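Architecture at a glance
Listed below, chain by chain, are the residues.
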Amino acid sequence: MDLHLGGNAALVTASSSGLGLASARALALEGANVAICGRGEEQLEAAKESIEAACESADGPTGDVLAVRADLTAPEEIANLVEATVDTFGGLDHLVTSSGGPPSTTFLETEQKDWYQAYDLLVMSVVWTIEEAHPHLLESEYGTITSITSRTVREVADGLLLSNSVRRGVIGLIKTISREFAPEIRANAVLPGTIETPRIEELIEAGVERGTYADYESGLAELADDIPVDRIGQPEELGETVAYLSSPHASYVNGAEIPIDGGLLRS
């Protein structure tokens, strides 16, 4: 399916790895010019090269890639990121917000500073980015915002106190602006479940070292036990959904929270 994103400009935050990178790659493969960001120069450049390599081997027109180093907990760096995107691509049509996850913890292990840090990382980074992007999205014919959150906004996961608690603020934000910004800008959220990102790979490898899993494949199989489709997801499956939500084909999808979890959520 042609998503009609050719020549559009997109910004994907926290996109040097994982789900942000997969979303940026999917948008570029659909012809959108994409700005990516991350805190580490080497990882960011590797991400840029990986997207460009995928585009070189693709059939049909693809987009250009801009890499900008940015810390999403620093508002001034977000402002520079949006400005660089607009200056390079001549505007901004699609914003995809993502971020790394806060550390695993329980309530009694969590200090007050951890709450503030998680709020800045998970909620305020989205607020600051939308504030900077909003005037440019208004000028677009098809302005969109897609926020990558987590299935934990609907169903808590043990040991993920901060993610369980704080990410729900993003859902309230997206639902509210989907009404305030419409019809000029659509806003939606995607709720990834267990997907084979570097974070999941690290968790499985740590489990192998502890003896929890016999090997990596055993770890993958165990994580898939409760998933109805009997496997964990791949990053590109989320990325392709993000690209679809950014496209005119999803023009009647607004204010939605879409799980991408193989049916794991029971709610």
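Since we're looking at a predicted model, the values are computed, not measured. (Residues numbered from 1 in each chain as written. Predicted model: local features only at pLDDT ≥ 70, side-chain atom pairs only at ≥ 80, totals over all residues. Heavy atoms only, no water.)

**A word on the sheet that holds strand E4 (residues 94-97)**
One open sheet accounts for seven strands, arranged E3-E2-E1-E4-E5-E6-E7; its pairing is parallel. Whereas interior strands pair on both sides, the edge strands pair on one side only; in this sheet they are strand E3 (65-69) and strand E7 (257-260). Neighbour-to-neighbour, the strand axes of the sheet open up by a mean angle of 20°, direction not taken into account. Relative to E7, strand E6 (residues 185-192) runs parallel, the two being bridged by four bridges. Looking at the pairing, Ala189 lines up with Glu257 of E7. The sheet contacts of helix H4 (residues 112-138) involve strand E1 (9-12), E4, strand E5 (143-148) and E6, and relative to E4 the element is tilted by about 170°. Sheet strands touched by helix H6 (residues 168-180): E5, E6 and E7. Its angle to E6, the strand with the most contacts, is close to 155°. (Pairing = 2+ DSSP bridges. Helix = DSSP H or I, 4+ residues; strand = E, 2+ residues; numbered from the N terminus. Axes fitted to C-alpha atoms, helices over the stretch in contact; angles between N-to-C directions. Contact = heavy atoms within 4.5 Å.)

**Looking at the side chain of Thr146**
Relative to the elements of secondary structure, Thr146 occurs in strand E5. In this structure Thr146 comes out as buried when scored by relative accessible area, which is 1%. (Buried < 20%, exposed > 50% of the residue type's maximum accessible area, 1.4 Å probe, protein only.)

**A few points about the nonpolar core**
Membership of the largest hydrophobic core comes to 37 residues, with the highest contact counts inside it found for Leu11, Leu95, Ile130, Leu137, Ile145, Ile174 and Ile177. Those elements that place two or more of their residues in this core are E1, strand E2 (33-38), E3, helix H3 (75-89), H4, helix H5 (161-166), H6 and E6. Top element by residues in this core is H4. It accounts for nine residues. Once residues lying within four places of it in the same chain are set aside, the contact partners of Ile145 are Leu95, Ile130, Leu137, Ile174, Ile177, Phe181, Ile185, Arg186, Ala187 and Asn188. Membership of the second largest hydrophobic core comes to 28 residues, among which are Ala32, Ile148, Val190 and Ile195. (Core = buried A, V, L, I, M, F, W, Y, C linked by side-chain atoms within 4.5 Å.)

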